Amino acid sequence: MNSTSFSSLGLSDKSFLVTGGAGFIGSHIVDFLLRNGAKKVRVLDNLSTGFIENVALFNDWTNYEFLQGDIRDYDTCKEACKGIDCITHQAALGSVPRSVENPMLTTAVNVGGFVNVLKAAQESGIKRVVFASSSSVYGDEQQLPKIETTIGQPLSPYAASKRSKELYAQSFAAVYGMEIIGLRYFNIFGPRQSPKGPYAAVIPLFIEGCLRGTSVYVNGNGLQTRDFTYVQNAVQANVLALTTRNINALNQVYNIAVGQQFSVNTLFEYIAQYLNSSQKPIYREARLGDVLHSLADISKASNLLQYTPEITFYEGLDNTIAYFLANKATLFKE
Ligand code: NAD
């Protein structure tokens, strides 16, 4: 999505709140909104899994504000909503294994925090809220590609928390007349995705392993597939959902992906080859709560939001590897 195609959407009339804006996806949304003329962009983030460095580059923008705070605190959410027209809610605790280890924390942040944001929005007169859901809501449903209407049972507390968000969104739309749009992200990757901590995502870990020679683990046999989606595609979906004037597009959930599947082995081989690494992955037991295959049908987002993924898997990987190469001195320090 280029800037010219957005000039007609009137971002300059609107003030945006990006919760979780210091995180990986949130910081790219902030970046896009600022560069495309948003009147104001405020970030609410407690920096639990995000980094102040991700948003430091916006400090020079006079229409940018950073509010450090926790979405589990209702008054903080109310404060964050002051003077805001629409919200994109990215703040959450990601990771299936984290949720298996501490389901109470995942639920408190992902469900309780979301309800706080919704109620604070409603009390502040904000109608439009876009929120990050997840492909994990498809759970044990085997059908491929995944279509929005056919979901299975959640396989982890994380998946249950994302499904709960969708249900609360429906209820707030019904009770308070809000305009809420859920985006079911499928394995988003790109620059600024953190390789740090026990719950880091696979792509930064593979790149780190090939660059530094640290051990690379593959859960299961590596034949599992994912609809890996470059972060700019997720940004595009957020901006479309924040600005759509199509009433049929409101109060819906959408798959946000590319619509192609690649195996974890293919992913590793591409990264290793690009970085000229002879690193070999160590195969270990598949993780509890993980699904085997994931592939999205994106026609609903395409029809109702005019979403068109512009960056392919391989283009996205090239950009991501180049970013990690350029920043390896700071990214991988202990
Ligand atoms: P991230 O961890 O980089 O970003 C989440 C941000 O939320 C962080 O900056 C973190 O500090 C903040 N946050 C966490 N708890 C908070 C709290 N209690 N109060 C305020 N801020 C808090 O993760 P991400 O990959 O950018 O994910 C963004 C959203 O997308 C999340 O809702 C996640 O569940 C969802 N999602 C991501 C993916 C993916 O592949 N990355 C896939 C599906 C869904």
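Here the residue numbering is sequential within each chain, running from 1 through the sequence in written order. Given that this is a predicted model, residues contribute local features only at a pLDDT of at least 70 and side-chain atom pairs are listed and counted only at 80 or more, while totals for whole chains, interfaces and linings are drawn from all residues. As a convention, hydrogens and water are excluded, and side-chain values are obtained from all of the structure's heavy atoms.

With that settled, consider the pairing of strand β6 (residues 179-185). Only protein chains enter the calculation, and the probe is 1.4 Å; a residue is then buried if its accessible area is under 20% of its type maximum, exposed if over 50%, and partly exposed in between. The helix count covers DSSP runs of H or I at least four residues long, the strand count covers runs of E at least two residues long, and both are numbered beginning at the N terminus. Where burial is concerned, most of β6 is hidden: 7 out of the 7 residues are buried. In β6, alternate side chains face the same way, and those of Glu-179, Ile-181, Leu-183 and Tyr-185 on one face and Ile-180, Gly-182 and Arg-184 on the other are all buried. Between the parallel pair strand β5 (residues 128-134) and β6, the chain is carried across by helix α6 (residues 157-176), and the sense of this crossover is right-handed. In terms of strand pairing, β6 meets strand β11 (residues 252-256) through 5 bridges, oriented parallel. Of the residues in β11, the one forming a bridge with Ile-181 is Gln-252. With the strands pointing away from the viewer, any crossover whose connection runs clockwise from the first strand over the helix to the second is right-handed. Following DSSP output, two strands are said to pair if at least two bridges run between them.

On to the site of the ligand. Taken together, the neighbourhood of the ligand is formed by 27 residues, with Asp-45, Thr-49, Asp-70, Tyr-158 and Ile-188 sitting nearest. Throughout this description, a polar contact denotes any pair of N or O atoms lying within 3.5 Å of each other; where both atoms belong to protein, one of them has to be capable of donating a hydrogen while the other can accept it, and for residues adjacent in sequence the pair is counted only when both atoms sit in side chains. Within the side chain of Lys-162, a nitrogen or oxygen atom sits 2.9 Å from an oxygen atom of the ligand. Here the ligand, which alone exposes 820 Å², has 90% of that area covered by the protein. Elements with a contribution of two residues or more to the shell around the ligand: α1 (24-35), β5 and α6. For the shell around the ligand, the element with the most residues is β5, which contributes 3 residues. Residue classes in the shell around the ligand are distributed as 12 nonpolar, 11 polar and 4 charged. For each residue, the test is whether any non-hydrogen atom lies within 4 Å of the molecule or strand; if one does, the residue is near. Only the protein chains shown count as cover for residues, and all accessible areas are computed by the Shrake-Rupley method using a 1.4 Å probe. In this classification, the charged set is Asp, Glu, Lys and Arg, the nonpolar set is Ala, Val, Leu, Ile, Met, Phe, Trp, Tyr, Cys and Pro, and all remaining amino acids, among them Gly, are polar.

Among the structural elements, Asn-255 can be located in strand β11. Each C-alpha atom, one on Asn-255 and one on Ala-108, is 25 Å from the other, the two residues being 147 residues apart in sequence. Among residues more than four places away in sequence, those in contact with Asn-255 are Tyr-138, Lys-146, Ile-147, Glu-148, Arg-184, Phe-186, Ala-296, Asp-297, Ile-298 and Ala-301. At a separation of 2.8 Å, a polar atom in the side chain of Asn-255 contacts the main-chain carbonyl oxygen of Lys-146. Contacts are residue-level and defined by heavy atoms, with any inter-residue pair within 4.5 Å sufficient.

The α-helix winds at 3.6 residues per turn, so residues separated by three or four positions along the chain end up facing the same way. The span one expects for a helix is its residue count, reduced by one, times 1.5 Å. The terminal C-alpha atoms of α1, which comprises 12 residues, lie 17 Å apart, in line with the 16 Å expected from a rise of 1.5 Å per residue. With respect to burial, α1 is a largely interior element, 11 of its 12 residues being buried. Here α1 has its buried residues at Phe-24, Ile-25, Gly-26, Ser-27, His-28, Ile-29, Val-30, Asp-31, Phe-32, Leu-33 and Leu-34. Backbone geometry just after α1 places Gly-37 at a positive phi near 85°.

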